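As a plain string of letters, each chain reads:
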Amino acid sequence: MLHICKSYTDILRISMKKTANYFLSQKGERRLTMLTAYDYHTACAIDEAGIDMILVGDSLGNVMLGYENTLAVTVDDMIHHGKAVCRGARNAFVVVDMPFMSYQTSIYDAVKNAGRIMKETNCQAVKLEGGAGYADRVHAIVEAGIPVVGHVGLTPQSFNTLGGYKVQGKTAQAAQQLLDDARALEAAGAFAVTLECVPEALARKITEQVSALTIGIGAGKYCDAQVLVYQDMLGYADGFTPKFVKKYANLHDTMLEAFHHYKEECESGAFPAKEHTFSIDEDVLEKLY
């Protein structure tokens, strides 16, 4: 009986989550927030803070698995981390990235892998990179009943063909292509389009031209929503920080100081102190042989 009640409660909680249609209704009404997460505890904290959406990005390849880029990330990786995040996100809308070569090969593969990600993680949407060239994949996934977030501008999975990580859409031809790509994704059924490393004025024009939500990362303040990698905005790592990132904390230095302090106290014998240990009656010890 308890198991049945718990299951019913979980179903009720999931059914009360905001939907893609709800977020579409917020376009022009309020600015939405999104952060990445890759584990249960981070998802819990982001959810508690009231962030609208969580992205389980394939950036986990860089920030969690130590890969040089995102290309080595697999569908299994995304599902493993996506499950953990969805368990922690009680209210936030969770979007899971489709990794490199999980949708590029065919429409069939795109639908199959999107379905597997949604079914096994319990997320609310998937995200895939690419513009008009992948509109057929977006359409097929949406037709299968899976909400889709598109992604144009700097698409990390295509950094080799883009010539590296740099701002996109700076020429008239490139800017028009980005606008056309956003329109194509919207027409295919994507409820939102991520704009990465796009000039602010162009991102504003795209936001005004499409009815889909725009989610900006390095695309200025006029997008409908903003997203950042949480390790970047928390100063979690000591290294290169993109121009578009604002650090809201400096956890790297805080962690490093704590680790140094721990090492020193272990070596000096200050830790563990009496309050960190458990006692035993002396008469018990005397009975040992």
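Residues numbered from 1 in each chain as written. Predicted model: local features only at pLDDT ≥ 70, side-chain atom pairs only at ≥ 80, totals over all residues. Heavy atoms only, no water.

In the annotation of an unreviewed UniProt entry, the entry for the protein chain reads 3-methyl-2-oxobutanoate hydroxymethyltransferase, and the organism field reads Segatella baroniae F0067. Entered under Subcellular location (unreviewed entry) in the UniProt record, the comment concerning the protein chain runs "Cytoplasm". The heading Sequence similarities (unreviewed entry) in the UniProt record of the protein chain holds the text "Belongs to the PanB family." (UniProt positions renumbered as here; feature names shortened; annotations may be inferred.)

Before going further, it helps to spend a moment on the overall build of the protein chain. Across its full length, the protein chain carries 13 helices and 8 strands. Taken along its principal axes, the extent of the C-alpha atoms in the protein chain is 85 × 50 × 40 Å. Each of the 289 residues in the protein chain was classed as buried or not, and the buried ones make up 44%. A fraction of 57% describes how many contacts in the protein chain between residues 6 or more apart in sequence connect residues 24 or more apart. Separation of charge centres in the protein chain, based on 27 positive and 35 negative side chains, amounts to 8 Å. (Helix = DSSP H or I, 4+ residues; strand = E, 2+ residues; numbered from the N terminus. Buried < 20%, exposed > 50% of the residue type's maximum accessible area, 1.4 Å probe, protein only. Contact = heavy atoms within 4.5 Å. Lys, Arg positive; Asp, Glu negative; His and termini not counted. Charge placed at Lys NZ, Arg CZ, Asp CG, Glu CD.)

Take the nonpolar core next. Counting 56 residues, the largest nonpolar core has Ile54, Val94, Ile141 and Leu195 as its most contacted members. Here this core takes 6 residues from helix 9 (residues 172-188), the largest share from any one element. Apart from residues lying up to four places away in sequence, isoleucine 141 is in contact with Met98, Ala110, Val111, Ala114, Val126, Leu128, Ile146 and Val148. Counting residues in hydrophobic clusters, the runner-up holds 17 residues, among them Met53, Val95, Phe191 and Val227. (Core = buried A, V, L, I, M, F, W, Y, C linked by side-chain atoms within 4.5 Å.)

Further remarks concern the sheet that holds strand 2 (residues 53-56). Spatial ordering of the closed barrel is given by 1-2-3-4-5-6-7-8, a layout of 8 strands whose pairing is parallel. Across the sheet, the axes of successive neighbouring strands diverge by a mean angle of 25 degrees, strand direction being ignored. Examined bridge by bridge, strand 1 (residues 32-36) and strand 8 (residues 225-228) share 4 bridges and lie parallel to one another. The partner of leucine 32 across the bridge, within strand 8, is alanine 225. (Pairing = 2+ DSSP bridges. Axes fitted to C-alpha atoms, helices over the stretch in contact; angles between N-to-C directions.)

With numbering matched to this structure, UniProt assigns "binding site: 3-methyl-2-oxobutanoate" (unreviewed entry) to Asp58, Ser59, Asp97 and Lys127. On the basis of their most widely separated C-alpha atoms, the annotated residues across 70 residues gather in one place, lying no more than 12.5 Å apart. You can see serine 59 is positioned in the loop between strand 2 and helix 4 (60-63). In contact with serine 59, not counting residues within four places along its chain, are Thr36, Tyr38, Thr70 and Val229. When you line up the elements, lysine 127 lands in strand 4 (residues 125-127). Of the residues examined, lysine 127 reaches a relative accessible area of 4% and is grouped as buried. Residues contacting lysine 127, with those up to four places away along its chain left out, are Leu55, Val95, Val96, Asp97, Met98, Val149, Gly150, His151 and Thr194. Engagement of the side chain of lysine 127 in a polar contact is seen with the side chain of aspartate 97, the distance being 2.9 Å. (Polar contact = N/O pair within 3.5 Å; in protein donor to acceptor, adjacent residues only side chain to side chain.)

A few words now on helix 7 (residues 135-143). Along helix 7, the residues that are buried comprise Ala135, Arg137, Val138, Ala140 and Ile141. Buried positions along helix 7 lie against helix 6 (107-121), strand 4, strand 5 (148-153) and helix 9. Remark: glycine 145 follows helix 7 within two positions and exhibits a positive phi of approximately 90 degrees.

Before going further, it helps to examine the pattern of salt bridges. This structure, assessed with the given rule, holds 9 salt bridges. The salt bridge partner of arginine 137 is aspartate 136, with a shortest N-O separation of 3.1 Å. Taking the relative accessible area as the measure of exposure, aspartate 136 reaches 34% and is therefore partly exposed. Measuring nitrogen to oxygen at the nearest pair gives 3.8 Å for the salt bridge that ties aspartate 180 to arginine 183. With aspartate 180 and arginine 183 both in helix 9 and 3 residues apart, the pair spans about one turn of that helix. (Salt bridge = Lys/Arg side-chain N within 4 Å of Asp/Glu carboxyl O.)

Attention now goes to the environment of phenylalanine 100. Of note, phenylalanine 100 is situated in the loop between strand 3 (93-97) and helix 6. For phenylalanine 100, a relative accessible area of 31% corresponds to the partly exposed category. Sequence spacing of phenylalanine 100 and glutamine 157 is 57 residues, and the spatial spacing of their C-alpha atoms is 6.2 Å. Among all residues touching phenylalanine 100, those that are not within four sequence positions of it are Leu71, Val73 and Gln157.

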